[in-house]
Amino acid sequence: MKSARLCVAVLVALALPGTGASPAAAAAGDYWIAAGDDTSKQLLAFDPAVTSWSDDAAVKWRWQATKARGFSDAELAVAAGYSDFKLRERPAGGQSFAVANGDGFAAVVSYPGGARQWAKVVPGNLHAAELLPDGNIALAASSGGWVRVYAASQGPNASAYGEYPLTQAHAVLWDPSIQRLWVTGQDPVSKAHILTALVVGGTPAAPVLREDTGRRAVLPSAWGHDVYGYAHDPDLLWVSGNSQVWLYDKRTRTFSPPPGGADRTFVKSVGNQPSGQVVETRSDSAKSPPGRCVANTWCTDTVDFYGPDTSRTRAGAVFYKARVWSPYYSVVDRTLHGTVWDRARTASGAWAATGTRIDTNPSTSEIASAVLPDGSAHVLNVVPGSGVWHRSRAADGTWSAATRIDANGSVTDVSAAALPDGTLHVQTLLPGSGIWDRVRAADGTWSTATKVDTNGELTDVAAAALPDGTLHVMMLLPGSGVWHRIRSTGGAWADAVKIDTNGALSRVAAAALPDGTLHVMMLLPGSGVWHRVRGTGGSWAAAVKADDNRDVSGVSTAALPDGTLHLNTIVPGSGVWHRVRAASGAWSAAQRVDANGSVLSVSTAGLPDGTLHLGTVPDIS
């Protein structure tokens, strides 16, 4: 009955990394440009407003791997020019950059100080590096033929990794809007040159990579190279190849040429500034006439700009890539969002072949649902920046228009439960504030919200109503576990009681069976879904695993009048899977009921007629 969500990115201001203010630049608010110089063995950040990059006054920051910064002799032996480098915000605070080169140097480094946080010598001709939100590092190796995620979050010398085979792997880019890792390379079997997205599953200590096959796109021409975020639209990606540059639309799965003169051959890196100016490097050997850098076939001493068109050169430099030195995965990161779909399961157990879109607003991030005794179903949508919206389905199957019941645009999660007296209770989670409860009376009028828990660190909420009229709210506190709070039939809220001490749990869902038992589903990343039962006497049983799929990212549950309990789980890249617990307590095998691998949030509702309704939010659909 509870929605489930993935982690969301936050809306960020355009500010210069490390300083909090924009530099004097070609346009106000634009970032420095970082480039790896093989000549000086340094990573340099330049002010794009300075016309001569040969003048050291243009260099605003520089970094080189040294023993004093914590690097070993073996690491220093391969620390020269850098094939990729990306600056990122750390969720726990501060900034770091991921860096790699073709000689096998790979590292996570503090910014701006430059201290080693993780490093390893990794053969395979590393072409790209990315720092993931959990602190792990993603690497692409062209001759190695793989994409790996190393468990850098586990310590400065951690060596565990997950691997995905990809011939001529050239790019890795984390996408916070869909929680995927974009990569380019060649399919080892079909030999097609592809852009695709990987699901990073498992745990930070033991990452697992799997392709989200629904996002695979064959490149318009061979040999993909760079992938980077587009500054103004998080649904677009920059992609470059040997023969051209493209803008890729994730919504339509189509490639289109970029504006102006930016569409060139052998572009090694591409991105754009907040001002819109495009930043590229192109190998001098591919230019006509050839450029000045002759150290190899891939280098250049010049970074090119388009819109307005200009260039910056550093005499004697050997550059491969240049990056807009922004700490964000895309200049404006955004929350996950999509439209809302409903799919029904008949009382006999047959699922509808397709879902029905019941809300076309593409900005929904979370959903929850509940069913009243009169057979009406109620769906609650969280729309970031707008609030919580309510839509009902009458017993005859008709859906009402959506109405806003809470205008607080900072709400991040919602749950709902229906009481036997015909009232509907909706709980909203407000970060920094706690959990609020709002009641819809049997006549359809809504009350004002009242706070039922003051803990501002809670991250997930679920609710269920027992046949005796008590309301039960489950709250997830990271590092602590799951807490339970009861509302009596008289409306009084009891103190919260901890029912599970596992602080690594990430999601919670709840449902009540007609026999008066309460069932809580808890998601443990890297383990699966665990089930805990509260008996009619109020005692809690030990947790038992209900689903052992390590990649589950979201969970919801609901009960039917026949005493069956229904569990729906999100498996990124695969879809939504359904599992039934019979009245005897036995669980069925999982059945995939929705093959859309991009589902972000799910809710489940059981109707008095024995039908089950699955609500889903596929991203940017």
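This text follows the structure it describes.
Here we summarise the structure given alongside this text. As the structure is a computational prediction, the values presented were derived from the model and not from experiment.

The next thing to look at is the overall build of the protein chain. Helix and strand counts for the protein chain stand at 1 helix and 49 strands. Look at the contacts in the protein chain between residues 6 or more apart in sequence, and 47% of them connect residues 24 or more apart. Carbon and sulfur atoms provide 54% of the accessible area of the protein chain, an area that totals close to 21400 Å². Put simply, the protein chain has 51 plus and 53 minus side-chain charges, and the middle of one group is 3 Å from the middle of the other.

With that settled, the discussion passes to the state of the cysteines. In the structure shown here, the tally under the stated rule is 1 disulfide. In this model, Cys293 is linked to Cys299 through a disulfide, with the two sulfur atoms separated by 2.0 Å. The sign of the -115° torsion about the S-S bond sets the Cys293-Cys299 disulfide as left-handed. By the burial criterion, Cys293 is buried, and Cys299 matches it.

Within the largest apolar cluster, 25 residues are counted, with the highest numbers of intra-cluster contacts made by Trp182, Leu195, Val227, Trp238, Val239 and Tyr248. Core analysis: the second largest hydrophobic core is formed by 21 residues, Leu43, Ala45, Trp61 and Val109 among them.

In this structure, His337 sits in the loop between β25 (319-324) and β26 (338-345). A relative accessible area of 15% means that His337 is categorised as buried. Distance from His337 to Val599, taken between C-alpha atoms, is 9.8 Å for residues 262 residues apart in sequence.

To continue, consider the pattern of salt bridges. A pair can form between side chains of opposite charge whenever their charged atoms are brought close. By the definition in use, this model includes 27 salt bridges. A salt bridge links Arg343 to Asp594; the nearest nitrogen and oxygen atoms lie 3.3 Å apart. Here Arg343, found in strand β26, pairs with Asp594, found in strand β47 (residues 591-594); they are 251 residues apart in sequence, far enough to count as distant. Like Asp594, Arg343 is buried. Of the charged contacts in the structure, one is a salt bridge between Asp500 and Arg532, with a shortest N-O distance of 2.7 Å. Placement of Asp500 in strand β39 (residues 497-500) and of Arg532 in strand β42 (residues 528-534) is noted, with a sequence separation of 32 residues between them. The pair Asp500 / Arg532 is uniform in exposure class, with both members buried. Among the charged side chains, a salt-bridge network with shared partners connects Asp84, Lys86, Asp226 and Arg323.

Rules used in this analysis
- Residues numbered from 1 in each chain as written.
- Predicted model: local features only at pLDDT ≥ 70, side-chain atom pairs only at ≥ 80, totals over all residues.
- Heavy atoms only, no water.
- Helix = DSSP H or I, 4+ residues; strand = E, 2+ residues; numbered from the N terminus.
- Contact = heavy atoms within 4.5 Å.
- Areas by Shrake-Rupley, 256 points an atom, 1.4 Å probe, with all protein chains shown as cover.
- Lys, Arg positive; Asp, Glu negative; His and termini not counted.
- Charge placed at Lys NZ, Arg CZ, Asp CG, Glu CD.
- Disulfide = S-S within 2.5 Å.
- Buried < 20%, exposed > 50% of the residue type's maximum accessible area, 1.4 Å probe, protein only.
- Core = buried A, V, L, I, M, F, W, Y, C linked by side-chain atoms within 4.5 Å.
- Salt bridge = Lys/Arg side-chain N within 4 Å of Asp/Glu carboxyl O.

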